[in-house]
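# Observations on chain architecture
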Amino acid sequence: MKRVLITGAAGFLGSHLCDRFIKEGYFVMGMDNLITGDLRNIEHLFKNENFEFYNHDVSKYVHVSGKLDYILHFASPASPIDYLKIPIQTLKVGSLGTHNLLGLAKEKKARIIVASTSEVYGDPTVHPQTEDYWGNVNPVGPRGVYDEAKRFQEAMTMAYHTYHGLETRIVRIFNTYGPRMRLNDGRVLPAFIGQALRGEDLTVFGDGSQTRSFCYVDDLVEGIYRLLQSDCSDPVNIGNPDEITISQFAEEIIKLTGTTQKVIYQDLPVDDPKQRQPDITKARAILGWEPKVSREEGLKITYEYFKSLSQEDLYKKDHKSFDKYIQ
Ligand code: UDP
């Protein structure tokens, strides 16, 4: 039986990856320190004999016993609000955490895939973003803690590949959504749906002309699964090229939820990228992959998930575990 370690296992993407690898017949070791993760996302896996959970911060030395075939490094705060609240932890998990997991992969002769991001392109001057674009990142801006940690992560991962011959994969993930996103993480989709469910106005930042391209989580997981099995050690964009302005997106959420609230405009956050769309030519060519789930379909499923949450979840302002990390 193949054994896989998934970091960030209790998070949005990590938990879906745990499900997928369990389904594929792997023994899954999930690891998370639960700063932004939530055990409810993987509660259903605890009764599975092929699943184990470790409550551990991967910024500190990581060890698991026995053989290991794959490591998926998906631990990190991943929303602008989160990494503004816990900037040092964000930097550490992308840098020190990645180093620890690369060391573990080397020790175990395991293949490792690291979760990178479209944020490595910063506020891009090339559109759509291809993997050979080097990006436009402000290292000392509010997003710098995430963007630079992820850029360092890519450099470190490539160095282990080049100098140690480690089998490495780098996935550049574009905006992804679906069930198990945190309702209060500040990202635009949970923000809008949460506002609609609470009967509040929808807050569009800036004039709403900035664009994003949203990928449904199942499509993303399929792309990651294929990339891991491939022999490509260069970064690969995985995302849905269906681009939309944030204003149009707000209108779609209003239609979906039937809310009678209106859109209100607030200041655009510093360094907020003006446009984002993945060029997925490479993923199509080498993985035979492209997204299958339309935004209409994906949003319906996601809305049902958010509707099923408790009133307490709906009104909770923050993640409970932040308190002990924020000085
Ligand atoms: N946004 C918004 N209203 C919100 C939250 C976000 O208009 O309540 C905007 C944000 O300024 C950005 C886009 O939606 O332009 C996507 O933001 P998100 O935080 O989801 O992720 P990003 O792609 O910026 O990392």
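Look a little higher up for the structure.
Here goes a summary of the coordinates provided. Since the model is a prediction, treat every value here as computed from it, not as a measurement. (Residues numbered from 1 in each chain as written. Predicted model: local features only at pLDDT ≥ 70, side-chain atom pairs only at ≥ 80, totals over all residues. Heavy atoms only, no water.)

Turning our attention to the site of the ligand. Of all residues adjacent to the ligand, which total 18 residues, the nearest are T203, F205, R212, D272 and R276. Between the ligand and N175 there is a distance of 2.9 Å, counted from an oxygen atom to a side-chain nitrogen or oxygen. At 2.7 Å from an oxygen atom of the ligand is found a main-chain nitrogen or oxygen belonging to F205. Out of a free accessible area of 520 Å², the ligand has 95% covered by protein chains. For the shell around the ligand, the secondary-structure elements that each account for two or more residues are α5 (188–198) and β8 (202–205). By residue class, the composition of the shell around the ligand is 8 nonpolar, 4 polar and 6 charged. (Near = heavy atom within 4 Å. Polar contact = N/O pair within 3.5 Å; in protein donor to acceptor, adjacent residues only side chain to side chain. Areas by Shrake-Rupley, 256 points an atom, 1.4 Å probe, with all protein chains shown as cover. Helix = DSSP H or I, 4+ residues; strand = E, 2+ residues; numbered from the N terminus. Nonpolar A, V, L, I, M, F, W, Y, C, P; charged D, E, K, R; others polar.)

The terminal C-alpha atoms of helix α6 (residues 217–229), which comprises 13 residues, lie 19 Å apart, in line with the 18 Å expected from a rise of 1.5 Å per residue. Listing the buried residues of α6 in full gives V217, D219, L220, V221, G223, I224, Y225, L227 and L228. (Expected span 1.5 Å × (residues − 1). Buried < 20%, exposed > 50% of the residue type's maximum accessible area, 1.4 Å probe, protein only.)

Attention shifts here to the layout of surface pockets. Reported here for the second largest pocket is a volume of approximately 270 Å³. Around the second largest pocket, the lining comprises 13 residues; the ones closest to its centre are D38, R40, N41, Y305 and L309. Partitioning the lining of the second largest pocket into residue classes produces 4 nonpolar, 3 polar and 6 charged. (1 Å grid on protein atoms, 1.4 Å probe; cavity = no way out; pocket = protein on both sides within 12 Å on 5 of 7 lines; lining within 4 Å. Points joined across faces, edges and corners; volume = space filled by probe spheres on them.)

F21, V28, L72, F74 and I224 are the most contacted members of the largest nonpolar core, which has 60 residues in total. Counting residues per element, this core draws most heavily on α6, which supplies 7 residues. Not counting residues within four places of it along the chain, the set of residues in contact with L72 comprises V4, L5, I6, T7, L17, F21, I113, I224 and L228. In terms of nonpolar packing, the next biggest core, distinct from the first, is built from 22 residues, F27, V62, V64 and A110 among them. (Core = buried A, V, L, I, M, F, W, Y, C linked by side-chain atoms within 4.5 Å. Contact = heavy atoms within 4.5 Å.)

Okay, the state of the cysteines next. Per the stated rule, a full pass over the model turns up 0 disulfides. Looking at C215, it has no disulfide partner, and the nearest cysteine sulfur is the one in C232, 18 Å off. With a relative accessible area of 0%, C215 lands in the buried category. By relative accessible area, which is 12% here, C232 ends up buried. (Disulfide = S-S within 2.5 Å.)

This brings us to the sheet that holds strand β1 (residues 3–7). Taken in spatial order, the 7 strands line up as β3-β2-β1-β4-β5-β6-β11 in an open sheet, and their pairing is parallel. Each edge of the open sheet is held by one strand with a lone partner, namely β3 (51–55) and β11 (236–238). When strand polarity is set aside, the average angle formed by the axes of neighbouring strands in this sheet is 20°. As defined by bridge partners, β1 adjoins strand β4 (residues 70–73) across 4 bridges and the pair is classed as parallel. Opposite L5, over in β4, you have I71 as the bridge partner. The sheet strands contacting helix α1 (residues 12–23) are β1, β2 (27–32), β3, β4 and β6 (168–173), and the helix crosses β1 at an angle near 170°. The strands touched by α6 are β4, β5 (111–117), β6 and β11; relative to β6, the strand with the most contacts, the crossing angle is about 160°. (Pairing = 2+ DSSP bridges. Axes fitted to C-alpha atoms, helices over the stretch in contact; angles between N-to-C directions.)

A complete count under the given rule lists 12 aromatic pairs for this structure. Taking 5.7 Å as the distance between ring centres and 75° as the angle between the ring planes, the aromatic pair formed by F46 and F51 counts as edge-to-face. Here F51 falls in the buried class, since its relative accessible area comes to 7%. Of the aromatic side chains, those joined through ring pairs into one cluster are F21, Y26, Y70 and Y225. The side chain of R20 reaches across the aromatic face of Y225, ending 4.3 Å from its centre. (Phe/Tyr/Trp six-rings, centres within 6.5 Å; stacked < 30°, edge-to-face > 60°. Lys NZ or Arg CZ within 6 Å of the ring centre and 35° of its normal.)

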